[in-house]
There are 2 protein chains.
Amino acid sequence: MNSSLLCDFYELSMAYAFFKQNRHKQIVYFEVFFRKAPDNASYAVFCGLEQIIEHVNNFSLSRSDINFLKNTHKFDDEFLNYLLTLRFSGDILSVKEGECVFANTPLMIIKAPIIEALLLETFILLTLNHQCLIATKASRISQIARNKLLLEFGSRRAHGESAAVNGARAAFIGGFHASACTLVGKNFAIPISGTMSHAWVQMFDDELSAFRSYCQIYKDNISLLIDTYDYKNGIKNAILVFSELNAENTIQNYSIRVDSGDLLKISKYIRKKLDLAGLKKCKIIVSNALDEFIVEKLLKNKAPIDAFGIGEKLITSASSPIFGAVYKLVAIEKNGKIIPKIKISASSSKTTLPYFKKLIRYYKNDKACFDVLYTHNENSKNYKNLVAKNLHELIFKNGKLVYKLPSLKNIQDYHKKSIDSLNFRLKKLQNPSVYKVKISKKLKNLQKKI
Amino acid sequence: MNSSLLCDFYELSMAYAFFKQNRHKQIVYFEVFFRKAPDNASYAVFCGLEQIIEHVNNFSLSRSDINFLKNTHKFDDEFLNYLLTLRFSGDILSVKEGECVFANTPLMIIKAPIIEALLLETFILLTLNHQCLIATKASRISQIARNKLLLEFGSRRAHGESAAVNGARAAFIGGFHASACTLVGKNFAIPISGTMSHAWVQMFDDELSAFRSYCQIYKDNISLLIDTYDYKNGIKNAILVFSELNAENTIQNYSIRVDSGDLLKISKYIRKKLDLAGLKKCKIIVSNALDEFIVEKLLKNKAPIDAFGIGEKLITSASSPIFGAVYKLVAIEKNGKIIPKIKISASSSKTTLPYFKKLIRYYKNDKACFDVLYTHNENSKNYKNLVAKNLHELIFKNGKLVYKLPSLKNIQDYHKKSIDSLNFRLKKLQNPSVYKVKISKKLKNLQKKI
């Protein structure tokens, strides 16, 4: 799939009109920001930059794209020929993937000829809106689950292929340890795991034979799924098989998985049975419509669970499935000067903060204290005892990629550092406190003036 | 992206174990069904078959897929060589796209050697779970909006690229008339539309110039977006420009779009102003976080709206973002006999209905009365005055595609017929009645016996 035509048609309509008016090379500044994090969280996790870089680098309409556009009878040949050779020639600034970010701050700034900036809008938004959503959800779960193993189980309930694959990527950045999806192992080198489904057990005349049979083939990483028929019989059969194998001494990684029922009650029951049988190293994995709220409850009630398999509610961010990042014009260049632009709304929350800005985060002993928005050309203030960090990296300069992509593991580590730098009150599931984002005096005056 | 490896790793783990036990050619029957429609609806819309057919037809692991699997050190070469040449060789039965379907009925039946059936699970589920979800949402909106024009505006909030593109496809099947996304116009010949965003208006010194300028380029299909600064001024400027152009007599299709604020109040205000100015043919398009519930309220209050642009809440099915179709083993062949298989659950709703079944819908004067589940080989009953229809089409026979794919427009029409055949009580947003699905005596006895 060539994604260059994955743009809203109004972008092409406007591009054509600017072209006909010979304004298509005018330099503009668009900014990506969000107004509210999903789940009323105080923060979101920035994610998706790598896929955007790929899109921008490969941006190019094919001959067949152009033919399709010609057949809409909306554009003339001069414009279509122009589109055929169009490549991105602008600058992109962006927050790094894995960074914790806050509402109404510029996550990405696109400075480019208007026609190029317009045609990137949809792809940039859909990529960020998807991956920030899932990374944020994963980060929330990871904060609650702390030292537990987190497995991404969502592919089958994802909104299509790229939701499954890039969703697993975002979950890994947010703190998940492995995925059930084979393709993400190949594409991203994310650890993958998976042993059996209920179908395995059903394929045999009885559960005991199914478990024994599986252990004849696999000598390590064995997870027996015990609730195909009845978990009490299931754990009995599993213990029998594990005991026959002297699993405690012979198998490196072995576990029980439960995929239904009252997971608190069942996990306690199973742990007791396993311990009585001397299978102390046997781990317990649970799954079934989990999210951060259920995980929190299970752990508060001391459920003896070692690993959570989290699927549908992670991969769709079910409790809050929309990430509302927007792409707004904040300035244009005219005669070499940058002119701020604003969009006003009846609901003041939708009024934009104009101008080409920079975003600085201040830290005290590695703890994030507040962010400040400055105009791009003012000096950021020095605060005593605080360390300032410019959150924007230059990604493209005059259409050329100048940013070195970190490995996925590095991005995951970077997120870990970023989330650890936030005060714990910002990370509560209920009523988190609000992170301070200040606006420089110069920027405030500018907004008032407009 | 080769999607053949888009499977859960447990499918490969099980496939390998069956292979090592020389059971991988055993014929099995898997069934796809769902337990509850999204939004507590009484029905869902079946959608996604075309993409599944493509996947099954192209199913083939590449050399690089095999290399990746080899590097997991879980499989031996004999198995990997077998995988390299593996193609689908089984049968698939399926409901037709666009059909209204009900909980706990077989939407798709896969009869194949176990290894092939296992490896298709994830892709089949993620495709159906995504497209059924969006088609169902679109169908619900379409039922409420009746004769209004419905525009799909969701790309930017979709969960990634395939969610945007196939989501627009599903929305079209569910009854939407056009999409804002250019690529779906190219891929699916879905009508596309789009004129301007707020950025157009911001690019000019004032709104009036922006509107005038747009109308210098476009002579038809003009939609002026009036809420960049203030809708009251916006409609004034739009009316001025439309009047200058004598739009009522010179422009075929022209409209006003509003994307914020109290859409009931604003649409009434605008309609009045337009009518007073003699612009009676000017249409009103609204957008901004709409769904079936808001559309219902607007229309009940007689909002003079001609078209709805529906984005994020459609493309994510925000009020109910998970479609829970599952893929369950219902039978295996042994010595030429079909042996029913069941999965039992503590929650009886999760216990499966075993065996290879057929699904018959009975109609009276084109109205659907009830569905009946039979075993695959019993005769369906004749009811007086009722016409019976087998809802399953044979799609693949011995690995060969034997089904002729209908055009997308045909699928949309088919859905229209299917939804029209349902009693209106089934289509209410609140407390819809429940459609009757009967189970044949033979099938019931079979389940009890197991």
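Residues numbered from 1 in each chain as written. Chains lettered and ligands numbered in written order. Predicted model: local features only at pLDDT ≥ 70, side-chain atom pairs only at ≥ 80, totals over all residues. Heavy atoms only, no water.

Enquirer: Would you explain the overall build of chain A in this entry?
Expert: For chain A, the count of helices and strands is 16 helices and 19 strands. Taking the principal axes of its C-alpha atoms as reference, chain A extends roughly 80 × 60 × 40 Å. In chain A, which comprises 450 residues, the share counted as buried stands at 62%. Residue pairs in contact within chain A that sit at least 24 positions apart in sequence constitute 73% of those at least 6 positions apart. Accessible surface for chain A amounts to roughly 17,300 Å². Of this, 50% is attributable to carbon and sulfur atoms. (Helix = DSSP H or I, 4+ residues; strand = E, 2+ residues; numbered from the N terminus. Buried < 20%, exposed > 50% of the residue type's maximum accessible area, 1.4 Å probe, protein only. Contact = heavy atoms within 4.5 Å. Areas by Shrake-Rupley, 256 points an atom, 1.4 Å probe, with all protein chains shown as cover.)

Enquirer: In this structure, what is going on with the packing of helix 9 (residues 207–217) of chain A against helix 10 (residues 231–244) of chain A? I would like to understand it.
Expert: To describe two helices that pack against each other, one gives the angle between their axes and the distance between the axes. Residue and element names in this part refer to chain A. The geometry of helix 9 relative to helix 10 is characterised by a closest axis approach of 9 Å and an angle of 35° between their N-to-C directions. In this structure, the crossing between helix 9 and helix 10 has a hand that is right-handed. Side by side, helix 9 and helix 10 meet where Glu-207, Leu-208, Phe-211, Arg-212 and Cys-215 of the first sit next to Asn-233, Gly-234, Asn-237, Ala-238, Leu-240, Val-241 and Glu-244 of the second. (Axes fitted to C-alpha atoms, helices over the stretch in contact; angles between N-to-C directions. Left-handed = near helix turned anticlockwise from the far one by under 90°.)

Enquirer: How should the domain arrangement of chain A be read in this particular structure?
Expert: How big an interface is tends to be stated in terms of accessible area lost as the parts join. All names here are of chain A. Each assigned domain of chain A is listed here: domain 1 (3–135 + 320–449) and domain 2 (146–313). Counting from both sides, the interface comprises 18 residues of domain 1 and, opposite them, 17 residues of domain 2. Both faces considered, domain 1 and domain 2 share a buried interface measuring about 1,400 Å² in area, 63% of it formed by carbon and sulfur atoms. Per-residue buried area on domain 1 facing domain 2 is highest for Leu-408, Gln-412 and Leu-429; these three make up 41% of the total on that side. At the boundary of domain 1 with domain 2, the tally comes to two salt bridges. Among the ionic pairs, Arg-169 bridges to Glu-97, the shortest N-O distance being 2.8 Å. For the pair domain 1 and domain 2, the interface holds six residue pairs in polar contact (both at pLDDT 80 or more). Mapped onto the side of domain 1 that touches domain 2, the elements with two or more residues apiece are helix 2 (49–58), helix 5 (114–145) and helix 15 (408–420). Ranked by residue count, the leading element in the side of domain 1 that touches domain 2 is helix 15, at five residues. Taken together, the residues that form the side of domain 1 that touches domain 2 break down as six nonpolar, eight polar and four charged. (Domains from an automatic or database assignment. Buried area = accessible area lost by both parts, 1.4 Å probe. Salt bridge = Lys/Arg side-chain N within 4 Å of Asp/Glu carboxyl O. Polar contact = N/O pair within 3.5 Å; in protein donor to acceptor, adjacent residues only side chain to side chain. Nonpolar A, V, L, I, M, F, W, Y, C, P; charged D, E, K, R; others polar.)

Enquirer: Got a minute to help me understand the side chain of Asn166(A) in this structure?
Expert: Structurally, Asn166(A) is set in helix 6 (residues 161–174). Asn166(A) gets classed as buried once you look at its relative accessible area, which sits at 13%.

Enquirer: Can you help me understand the UniProt feature "domain: Nicotinate phosphoribosyltransferase C-terminal" (unreviewed entry) in chain A in this one?
Expert: The UniProt record annotates "domain: Nicotinate phosphoribosyltransferase C-terminal" (unreviewed entry) at residues 369–447 of chain A. Within the segment residues 369–447 of chain A, helix and strand shares are 25% and 27% respectively, and the terminal C-alpha atoms sit 25 Å apart. (UniProt positions renumbered as here; feature names shortened; annotations may be inferred.)

Enquirer: Please explain the sheet that holds strand 3 (residues 91–94) of chain A as it appears in this structure.
Expert: All names here are of chain A. As summarised here, the arrangement of the seven strands in space is 13-12-1-5-3-17-18, forming an open sheet in which the pairing is antiparallel. Two strands lie at the open edges of the sheet, namely strand 13 (337–340) and strand 18 (400–401), each paired on one side alone. When strand 12 (residues 326–334) meets strand 13, the two strands line up antiparallel, connected through four bridges. Across the sheet, Ile-332 pairs through a bridge with Ile-339, a residue of strand 13. Here helix 2 sits on the sheet and contacts strand 3, strand 5 (108–113), strand 17 (393–397) and strand 18; the angle it forms with strand 17, its principal contact strand, is near 15°. (Pairing = 2+ DSSP bridges.)

Enquirer: Honestly, helix 6 of chain A in this entry has me stumped. Any pointers?
Expert: Each turn of an α-helix holds 3.6 residues, which means side chains three or four residues apart point in the same direction. All names here are of chain A. Relative to the 20 Å expected for 14 residues at 1.5 Å per residue, helix 6 spans 20 Å between its end C-alpha atoms, a close match to the ideal helical length. For helix 6, the tally of buried residues reaches 14 of 14 residues, placing the bulk of the element in the interior. Gly-175 sits one or two residues past helix 6 and shows a positive phi near 125°. (Expected span 1.5 Å × (residues − 1).)

Enquirer: I would appreciate a short explanation of the sheet that holds strand 12 (residues 326–334) of chain B in the present structure.
Expert: Paired through backbone hydrogen bonds, the strands of a sheet run either parallel or antiparallel to each other. Residue and element names in this part refer to chain B. Taken in spatial order, the seven strands line up as 13-12-1-5-3-17-18 in an open sheet, and their pairing is antiparallel. Pairing within the sheet leaves two strands with one partner each, and these edge strands are strand 13 (337–340) and strand 18 (400–401). Across four bridges, the pairing between strand 3 (residues 91–94) and strand 5 (residues 108–113) is antiparallel. Each bridged residue has a counterpart across the sheet, and for Ser-94 the counterpart in strand 5 is Met-108. Running over the sheet, helix 5 (residues 114–145) touches strand 1 (27–33), strand 5 and strand 12 and is turned about 155° from strand 5.

Enquirer: Help me out: how do you make sense of the nonpolar core in this one?
Expert: Within soluble globular proteins, side chains that are nonpolar generally end up buried alongside one another. Among the nonpolar cores identified, the biggest contains 319 residues, and Leu83(A), Ile110(A), Leu83(B) and Ile110(B) are the most heavily contacted of them. Apart from the residues lying within four places of it in its own chain, the contact partners of Ile110(B) are Val28(B), Tyr29(B), Phe30(B), Val32(B), Phe88(B), Asp91(B), Ile92(B), Ala117(B), Ile124(B) and Tyr327(B). (Core = buried A, V, L, I, M, F, W, Y, C linked by side-chain atoms within 4.5 Å.)

Enquirer: Mind showing me how you'd approach the pattern of salt bridges here?
Expert: A pair can form between side chains of opposite charge whenever their charged atoms are brought close. All names here are of chain A. Per the stated rule, a full pass over the model turns up 51 salt bridges over all chains. Lys-357 is the salt-bridge partner of Glu-31, the closest N and O atoms lying 2.7 Å from each other. Highlighted residues: Glu-31 in strand 1 (residues 27–33) and Lys-357 in strand 14 (residues 357–364), separated in sequence by 326 residues. Between Lys-397 and Asp-91 there is a salt bridge, with its nearest N and O atoms 3.1 Å apart. Taken as a pair, Lys-397 in strand 17 and Asp-91 in strand 3 lie far apart in primary sequence, 306 residues in all. Exposure remark for Asp-91: the relative accessible area of 10% places this residue in the buried category.

Enquirer: Just checking my understanding: could you explain the interface of chain A and chain B for this structure?
Expert: Taken together, the contact pairs 100 residues of chain A with 100 residues of chain B. Together, the buried faces of chain A and chain B total about 8,400 Å²; carbon and sulfur atoms form 59% of this surface. Contact with chain B buries surface across chain A, with Arg156(A), His159(A) and Met203(A) losing the most and accounting together for 11% of the total. At the boundary of chain A with chain B, the tally comes to ten salt bridges. In this structure, the salt-bridge partner of Lys334(A) is Asp205(B), at a minimum N-O distance of 3.4 Å. Viewed at the interface, chain B and chain A are joined by 44 residue pairs in polar contact (both at pLDDT 80 or more). With ten residues, the single largest contributor to the side of chain A that touches chain B is helix 1 (residues 9–20) of chain A. In terms of residue class, the side of chain A that touches chain B is built from 49 nonpolar, 29 polar and 22 charged.

Enquirer: What is the right way to read the side chain of Thr195(A) from this model?
Expert: Turning to its location among the elements, Thr195(A) is positioned in the loop between helix 7 (182–188) and helix 8 (198–202). At 3.1 Å, the side chain of Thr195(A) and the backbone oxygen of Ser223(A) are in polar contact. Residues contacting Thr195(A), with those up to four places away along its chain left out, are Tyr214(A), Asn221(A), Ser223(A), Tyr10(B), Ser13(B) and Met14(B).

Enquirer: So what exactly am I meant to see when it comes to the relation of the copies chain A and chain B here?
Expert: Superposition of the two copies of the chain requires a rotation about an axis and a shift along the axis. Mapping chain A onto chain B leaves a residual RMSD of 0.0 Å; the transformation is a rotation of 180° accompanied by 0.0 Å of translation along its axis. Here the copies are linked by what is in effect a two-fold axis. By residue overlap, the copies meet face to face through one surface: 100% of the interface positions of chain A are interface positions in chain B. (Least-squares fit on C-alpha atoms with pLDDT ≥ 70 in both.)

Enquirer: What should I look at first to understand the packing of aromatic side chains in this one?
Expert: Two numbers describe a pair of aromatic rings. These are the distance of the centres and the angle of the planes. Here the structure, examined in full by the defined rule, presents 44 aromatic pairs over all chains. Here Phe88(B) and Phe396(B) contribute two aromatic rings whose centre-to-centre distance is 5.8 Å and whose plane-to-plane angle is 80°, an arrangement assigned as edge-to-face. Of the two residues, Phe88(B) is situated in the loop between helix 4 (77–85) and strand 3 and Phe396(B) in strand 17 (residues 393–397); the sequence distance between them amounts to 308 residues. Sitting over the ring of Tyr269(A), Lys232(A) keeps its end group 5.5 Å from the ring centre. (Phe/Tyr/Trp six-rings, centres within 6.5 Å; stacked < 30°, edge-to-face > 60°. Lys NZ or Arg CZ within 6 Å of the ring centre and 35° of its normal.)

Enquirer: What is the right way to read the environment of Ile342(A) from this model?
Expert: Here Ile342(A) is to be found in the loop between strand 13 and strand 14. It is 49 Å that separates the C-alpha atoms of Ile342(A) and Ser193(A), two residues lying 149 residues apart in sequence. If we skip the residues at most four places from it in the chain, Ile342(A) touches Thr351(A), Thr352(A), Pro354(A), Gln447(A), Ile450(A), Gln202(B) and Tyr229(B).

Enquirer: What exactly am I supposed to notice about the environment of Lys367(B) here?
Expert: Residue and element names in this part refer to chain B. By secondary structure assignment, the location of Lys-367 is in strand 15 (residues 367–375). For Lys-367, a relative accessible area of 42% translates into the label partly exposed. Discounting chain neighbours no more than four positions away, the residues touching Lys-367 are Tyr-362, Asp-420, Ser-421 and Leu-422.

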